[in-house]
Amino acid sequence: MQFSDNPAECYQALDLVSTLVAVLGQDGSVLFANAALETALGQSRRTLEGVDFSGFFTDSSILRNALSGARDADFAALRFESGLRRVPQDPLPVHVHLSCVEQGGDVLVECWPLEAQARQDREERLREQALANKELIRNLAHEIKNPLGGIRGAAQLLEMDLPSPDLQEYTQVIIHEADRLQSLVDRLLAPHRHPHQVGDVNIHEVCERVRSLVLVEFSRGLEIKRDYDISIPEFRGDREQLIQALLNIVQNAAQALTERIATGDAQIILRTRVARQVTFGRQRYRLALDLHVIDNGPGVPETIKERIFYPLVTGRDGGSGLGLTLAQTFVQRHHGLIECDSVPGRTDFRILIPLP
């Protein structure tokens, strides 16, 4: 970094990061505030410059003590949690990292909103979980397939030698259940078998395809509203995988609306927007597809809310527990992520995918 007499020129690159950043002099006055901090505090950079930054913390003594330690070279970096005052809003809880700039004696203060930090941690867990699930499923499926084939073959041979046709009812049960398990194993392995077929994708064509399929299955009592941003550009992706991912989510929502469908007031909203300067998967993207599937159903049961993307976890009788797992896998193949926010009366599945 080139240092000059103008702090704004020195630290201009910090405007490109989503972290809230302030550069302070040794007396604690603001030399530079990046765009993210301006937005969070609701004040312009010009207003912030020269102001004692400790006054923006709910406990100003923490920052003053930290700056004192920085002046005395007691540490190279320091972390603590506090709150940023925002008028007229409530204080913003933040995780603070304070470090000394190697040249010039300035102090760099980085603040991460705890909500954003929690979200990043949750995203990281989802990605790690998806990788673990992938290895577990592949290994388990291969271990199941071999003995399953043996069981089915033995049942067929036994059926040929049975003295009474009445006894074939029992071998048919064995064969039927073996076939059912084989179908389940095939569905578990499906996303890992098919290659990624990349082409130009129009997300609204995907939405319309899914909408028509679900309305054929639920022709009465369900309304699927469109709320599209038609300015969203096409992007490179696997159209069929995205259709399947969205279809799994919308079907899941429709099946959760059984009671409202019976009364005729079930509703699903497909909403598309462009998210700008968004961070997910520990990366920052200039533009991202922000696709929401919102329903007015009973919500995700609390007992499974943290595990809904795990394989074989379902809140519905007769459900396989694979739909959301496969949807997450297909979206992650597009470097994206699915999140869920659910309360009784409103469940929102949010799909984020980077845009060019």
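Everything here concerns the structure above.
The present account deals with the structure reproduced in this document. The model shown is predicted, which means the values in this text are computed figures rather than measured ones. (Residues numbered from 1 in each chain as written. Predicted model: local features only at pLDDT ≥ 70, side-chain atom pairs only at ≥ 80, totals over all residues. Heavy atoms only, no water.)

**Topic: the overall build of the protein**
Check the secondary structure of the protein and you find 10 helices and 12 strands. Across the 356 residues that make up the protein, the buried fraction comes to 44%. A fraction of 59% describes how many contacts in the protein between residues 6 or more apart in sequence connect residues 24 or more apart. Summed over its atoms, the accessible surface of the protein is roughly 19,400 Å², and 50% of this surface lies on carbon and sulfur atoms. (Helix = DSSP H or I, 4+ residues; strand = E, 2+ residues; numbered from the N terminus. Buried < 20%, exposed > 50% of the residue type's maximum accessible area, 1.4 Å probe, protein only. Contact = heavy atoms within 4.5 Å. Areas by Shrake-Rupley, 256 points an atom, 1.4 Å probe, with all protein chains shown as cover.)

**Some words on the pattern of salt bridges**
Counted according to the given criterion, the structure contains 13 salt bridges. Salt-bridge contacts for arginine 271 lead to aspartate 227; the nearest nitrogen and oxygen are separated by 2.9 Å. In this pair, arginine 271 sits in strand β9 (residues 266-280) while aspartate 227 sits in strand β7 (residues 222-227), placing the two residues 44 residues apart along the sequence. What makes aspartate 227 partly exposed here is its relative accessible area of 23%. A salt bridge links arginine 350 to glutamate 339; its shortest N-O distance comes to 3.7 Å. Residue arginine 350 is found in strand β12 (residues 346-354), and its partner glutamate 339 is found in strand β11 (residues 337-343); the two are separated by 11 residues along the sequence. For arginine 350, a relative accessible area of 19% translates into the label buried. Taken together, the shared-partner salt bridges connect Asp15, Glu38 and Arg45 into one network. (Salt bridge = Lys/Arg side-chain N within 4 Å of Asp/Glu carboxyl O.)

**Considering the sheet that holds β7**
Taken in spatial order, the five strands make up an open sheet running β7-β9-β10-β12-β11, and their pairing is mixed. Every other strand in the sheet has two partners, leaving β7 and β11 as the edge strands with one partner each. Across the sheet, the mean angle separating the axes of adjacent strands is 20° when strand polarity is ignored. Note that β7 and β9 share six bridges and pair parallel. In the strand pairing of β9, glutamate 223 is matched with glutamine 267. Helix-sheet contacts for helix α8 (residues 239-256) involve β7, β9, β10 (283-295), β11 and β12, and the interaxial angle to β10 is about 35°. Set on the sheet, helix α10 (residues 323-332) makes contact with β11 and β12; between it and β11 the angle comes to about 140°. (Pairing = 2+ DSSP bridges. Axes fitted to C-alpha atoms, helices over the stretch in contact; angles between N-to-C directions.)

**Side note on the environment of alanine 245**
Tracing the backbone through its elements, the reader meets alanine 245 in helix α8. A sequence separation of 35 residues divides alanine 245 from valine 210, and the C-alpha atoms of the two residues are 9.6 Å apart. With residues up to four places along the chain from it excluded, the contact list for alanine 245 reads Ala327, Phe330 and Val331.

**Notes on helix α4 (residues 60-71)**
The end-to-end C-alpha distance of α4, which contains 12 residues, comes to 17 Å, matching closely the 16 Å that a straight helix rising 1.5 Å per residue would cover. Listing the buried residues of α4 in full gives Ser60, Leu63, Ala66, Leu67, Gly69 and Ala70. Elements that come into contact with the buried residues of α4 comprise β1 (20-24), β3 (77-84), β4 (92-100) and β5 (107-113). (Expected span 1.5 Å × (residues − 1).)

**Remarks on the pairing of β9**
Bridge count between β9 and β10: 12 bridges; the pairing is antiparallel. Residue pairing across strands places arginine 276 opposite leucine 287, the latter belonging to β10.

**Some thoughts on the packing of aromatic side chains**
Describing an aromatic ring pair means giving the distance of the ring centres and the angle of the ring planes. Scanning the entire structure with this criterion turns up four aromatic pairs. Between tyrosine 11 and phenylalanine 32, the ring centres sit 6.1 Å apart and the planes meet at 40°, which makes this aromatic pair tilted. Note that tyrosine 11 is positioned in the loop between α1 (7-10) and β1 and phenylalanine 32 in strand β2 (residues 30-33), a separation of 21 residues in sequence. Of the residues examined, tyrosine 11 reaches a relative accessible area of 3% and is grouped as buried. Geometrically, the ring pair formed by phenylalanine 57 and phenylalanine 80 is tilted, given 6.3 Å between the ring centres and 55° between the ring planes. Here phenylalanine 80 lies in strand β3 and phenylalanine 57 lies in the loop between α3 (45-48) and α4, a separation of 23 residues in the sequence. Given a relative accessible area of 1%, phenylalanine 57 falls into the buried group. Owing to a relative accessible area of 11%, phenylalanine 80 belongs among the buried residues under this scheme. A connected cluster of aromatic rings, assembled from ring pairs, spans Phe53, Phe56, Phe57 and Phe80. (Phe/Tyr/Trp six-rings, centres within 6.5 Å; stacked < 30°, edge-to-face > 60°.)

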